[in-house]
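Next come the chains, spelled out residue by residue.
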Amino acid sequence: MRCIQDVREMREACRTARREGKTLGFVPTMGGLHAGHASLIERACRECDAAAISLFVNPTQFGPGEDYGSYPRTWEEDLRLARSLGVDLVFHPDVAEMYPKGFSTHVEVERLAAGLCGRHRPGHFRGVATVVLKLFAVVRPHRAYFGEKDYQQLVLIRRMVEDLSLEVEVVGCPIVRDPDGLALSSRNAYLNAEERRRALALHRGLGRARSLLAAGERRAAALEAAAREELEREGLRVDYASVVHPDTLEPLERVEAPARMAVAAWVGRARLIDNCPLDPPQG
Ligand code: AMP
C-alpha cells in the first residue's frame with residue numbers, strides 16, 4: 001500500500017494502475033475510519049482490480065463554528081485498517097495541496113443542495129461537490145463508492161456526475177449500524193455513554209415512521225411528527241425530520257410511492273444524521 005500526499009504523484013500512481021488495464025475503485029473519506037467506511041472499502045477491493053481511498057478532512061465543507069478543528073483525526077489507525085483491507089493507494093493531502101493559494105473554483109449543485117442538511121449548513125454541499133470533483137480529477141476512478149448514510153450527498157454526487165458528464169460509476173452502499181441500530185459515524189466519537197443511549201432515538205424515530213406507514217398512514221406530516229416526537233422525547237435538538245422524494249429530495253405531502261425519510265439532530269455537541277427508505281405497502 002502506498003500513501004501519497006502529493007496531487008501529481010497520486011495522479012501518476014492512478015494513471016499507472018489504469019494503464020496496466022486495472023479497474024480502479026475509489027472511496028473518498030475524511031478519515032476516522034469505522035466499519036461503515038470499511039464496508040465501502042471492502043466492496044471497492046472486491047469489485048475492482050485496484051482500490052484507492054482518500055483521507056482528507058475537507059475544510060470547505062465545514063461552516064464557521066462547526067467541528068473542523070475537533071473532527072477525529074486517527075491517521076495511524078486509518079492506515080492500519082486500509083492496509084488490512086487490501087487498499088492499494090491512500091491519498092492523504094494537506095490543505096495547501098488541495099487548495100493552493102488563489103484557489104477560486106467551486107461546484108454548486110443547485111436545488112439538491114438547498115434542503116435538508118443544506119438548509120442548516122450553508123455552503124456544506126458546495127464544499128463537498130468541489131472536493132469530490134477535484135478528487136475524481138486526480139484519481140479518475142472507474143467506480144466511486146459512497147454510503148447511503150449521507151443520502152443527500154449520494155444523490156447530489158450522482159447529479160454532479162450526470163450533469164458534468166463525468167466518466168465514473170457512482171455506487172451507493174447500505175448504511176452500517178451498530179447492533180442496537182445506531183448508524184456508525186466518525187462523530188459518534190463525540191458521544192459519552194449517556195448521549196450514545198439518547199442518540200438511538202434517531203433510529204427509533206425512523207422506525208416509528210416506518211411502522212406508521214406500514215399501518216396505513218400516508219401523510220408525510222404525520223410520519224414526520226412521529227419521528228420528531230421520538231427525537232424530542234430524548235431531548236435531542238432536531239434540525240429536521242423530513243419525508244422527501246428519493247431522487248429529487250423535494251418534500252412530499254403523501255407517501256404513495258417509494259420515498260426517503262431523513263433526520264438530523266444534535267446530541268450534545270454531535271450533529272447526527274440518519275435516513276431510511278419509506279416503501280408504502282402494496283394494495
Ligand atoms: P466521511 O468520512 O464521513 O466523509 O464518509 C466517507 C464515506 O463513508 C461517505 O460516502 C459516507 O456516506 C460513508 N459512510 C459513513 N458512515 C457510514 C455508515 N455508517 N454506513 C455506510 N457508509 C458510511
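Just so you know, these numbers come straight off a predicted model, no measurement behind them. (Residues numbered from 1 in each chain as written. Predicted model: local features only at pLDDT ≥ 70, side-chain atom pairs only at ≥ 80, totals over all residues. Heavy atoms only, no water.)

## Things to note about the overall build of the protein
Quick note on the threshold: Each helix is a run of H or I in the DSSP string that is no shorter than four residues. Each strand is a run of E no shorter than two, and both are numbered from the N terminus. Here the radius of gyration uses the C-alpha set of atoms, whereas the globule reference equals 2.2 Å times the residue count to the power 0.38. In this scheme, a residue with accessible area under 20% of its type's maximum is buried, one over 50% is exposed, and one in between is partly exposed, where area comes from a 1.4 Å probe on protein chains only. What makes two residues a contact is simply this: any of their non-hydrogen atoms within 4.5 Å. Areas reported here follow the Shrake-Rupley algorithm with a probe of radius 1.4 Å; residue values treat only the protein chains shown as occluding.
Helices and strands together make up the secondary structure of the protein, namely 9 helices and 9 strands. In terms of overall size, the protein behaves like a compact globule, its C-alpha atoms giving a radius of gyration of 19 Å where 283 residues would be expected to give roughly 19 Å. Along the first, second and third principal axes, the C-alpha set of the protein runs to 55 × 40 × 40 Å. Within the protein, the proportion of its 283 residues that are buried is 52%. Pairs at least 24 residues apart make up 72% of the contacts formed inside the protein by residues separated by at least 6 positions. When the accessible surface of the protein is totalled, it reaches about 13500 Å², and 48% of it is carbon and sulfur.

## Side note on the site of the ligand
Quick reminder of the rule: The criterion for a residue being near a molecule or strand is simple. One of its heavy atoms has to lie within 4 Å of it. Here a polar contact is taken to be a pair of N or O atoms separated by no more than 3.5 Å, where protein atoms must pair a possible hydrogen donor with a possible acceptor and residues adjacent in sequence count only if both atoms sit in side chains. Only Asp, Glu, Lys and Arg are considered charged, only Ala, Val, Leu, Ile, Met, Phe, Trp, Tyr, Cys and Pro nonpolar, and every remaining residue, Gly among them, polar.
Not every one of the 17 residues close to the ligand is listed here, only the nearest: His-37, Gly-147, Asp-150, Val-176 and Leu-184. For the ligand, a nitrogen atom lies 2.8 Å from a polar atom in the backbone of Val-176. Here a nitrogen atom of the ligand sits 2.9 Å away from a polar atom, N or O, in the main chain of Leu-184. With the chains in place, 93% of the 490 Å² that the ligand exposes on its own is no longer accessible. For the shell around the ligand, the elements supplying multiple residues, two or more each, are strand 2 (24-29), helix 2 (35-47) and strand 5 (143-147). For the shell around the ligand, the element with the highest residue contribution is helix 2, accounting for 3 residues. Its residues assigned to classes, the shell around the ligand comprises 9 nonpolar, 6 polar and 2 charged.

## Some details on helix 6 (residues 124-139)
Going by this rule: Under the convention used throughout, the expected extent of a helix is 1.5 Å for every residue step, that is, one less than its residue count.
The first and last C-alpha atoms of helix 6 sit 22 Å apart over 16 residues, in line with the 22 Å expected at 1.5 Å per residue. Helix 6 sits mainly inside the fold: 12 of its 16 residues count as buried. Within helix 6 the residues assigned to the buried category are His-124, Phe-125, Gly-127, Val-128, Ala-129, Thr-130, Val-131, Val-132, Leu-135, Phe-136, Val-138 and Val-139. Immediately downstream of helix 6, the backbone of Arg-140 shows phi near 50°, a positive value.

## Description of the environment of Arg-204
Note on placement: Arg-204 falls in helix 8 (residues 193-214). Residue class for Arg-204 comes out partly exposed when judged on its relative accessible area of 35%. As a C-alpha pair, Arg-204 and Ser-84 span 120 residues in sequence and 34 Å in three-dimensional space. When residues no more than four places from it in sequence are discounted, the contact partners of Arg-204 are Glu-230 and Glu-234.

## Comments concerning empty space enclosed by the protein
A water-sized probe, rolled over the atoms, reveals where empty space remains. This is how the line gets drawn: Residues are called lining when one of their atoms sits within 4 Å of a cavity or pocket point, these points coming from a 1 Å grid over the protein atoms alone, where a cavity is a set in which a 1.4 Å probe fits but cannot get out and a pocket is an open set with protein on both sides within 12 Å along at least five of seven lines. Grid points are joined across faces, edges and corners, and a volume is the space filled by probe spheres set on the points.
Tallied over the entire structure, the rule returns 1 cavity of 30 Å³ or more. Quantified by volume, the largest cavity comes out at close to 60 Å³. Every residue lining the largest cavity is listed: Lys-149, Leu-182, Ala-183, Ser-185, Asn-188, Leu-202, Leu-272, Ile-273 and Asp-274. Sorting elements by how many residues they give to the lining of the largest cavity places strand 9 (residues 270-278) first, with 3 residues. Broken down by class, the residue content of the lining of the largest cavity amounts to 5 nonpolar, 2 polar and 2 charged.

## Digging into the packing of aromatic side chains
Aromatic ring pairs are reported here in terms of the distance separating the ring centres and the angle at which the planes meet. For the record, the criterion: Pairing of aromatic rings covers Phe, Tyr and Trp, the last counted by its six-membered ring, and requires centre-to-centre distances within 6.5 Å; plane angles under 30 degrees mean stacked, over 60 mean edge-to-face, and any other angle means tilted. Placement of a charge over a ring requires the Lys NZ or Arg CZ to be within 6 Å of the ring centre, with the centre-to-atom vector within 35 degrees of the ring normal.
Considering all chains together, one arrives at 6 aromatic pairs under this definition. In this arrangement the basic side chain of Arg-73 is found over the ring face of Tyr-68, its NZ or CZ atom lying 4.9 Å from the centre. Lying over the aromatic face of Tyr-190, Arg-269 brings its terminal NZ or CZ to 4.0 Å of the ring centre.

## Overview of the side chain of Arg-187
Checked against the element boundaries, Arg-187 lands in the loop between strand 6 (169-173) and helix 8. The exposure class of Arg-187 is buried, given its relative accessible area of 14%. At a separation of 2.7 Å, a polar atom in the side chain of Arg-187 contacts the side chain of Asp-67. The residues contacting Arg-187, other than those within four sequence positions of it, are Phe-62, Asp-67, Tyr-71, Arg-121, Ala-270, Arg-271 and Leu-272.

## Brief notes about the side chain of Ser-54
One can find Ser-54 in strand 3 (residues 50-55). Setting aside chain neighbours within four positions, we find Ser-54 in contact with Phe-26, Val-27, Pro-28, Thr-29, Phe-91 and Leu-135.

## Considerations on the pairing of strand 8 (residues 259-267)
Look at any regular strand and the pattern is simple: side chains alternate between the two faces of the sheet. The condition that has to hold: Being paired, for any two strands, means DSSP has found at least two bridges between them.
By the criterion of burial, strand 8 is predominantly enclosed, with 8 of the 9 residues buried. Note: strand 7 (residues 237-244) against strand 8, 7 bridges, orientation antiparallel. Bridging across to strand 8, Val-244 finds its partner in Arg-260. Inspection of the sheet shows strand 8 paired to strand 9 by 9 bridges, in the antiparallel sense. Within strand 9, the position partnered with Val-267 by the bridge is Ala-270.

By themselves, these observations are geometric and do not establish any function.
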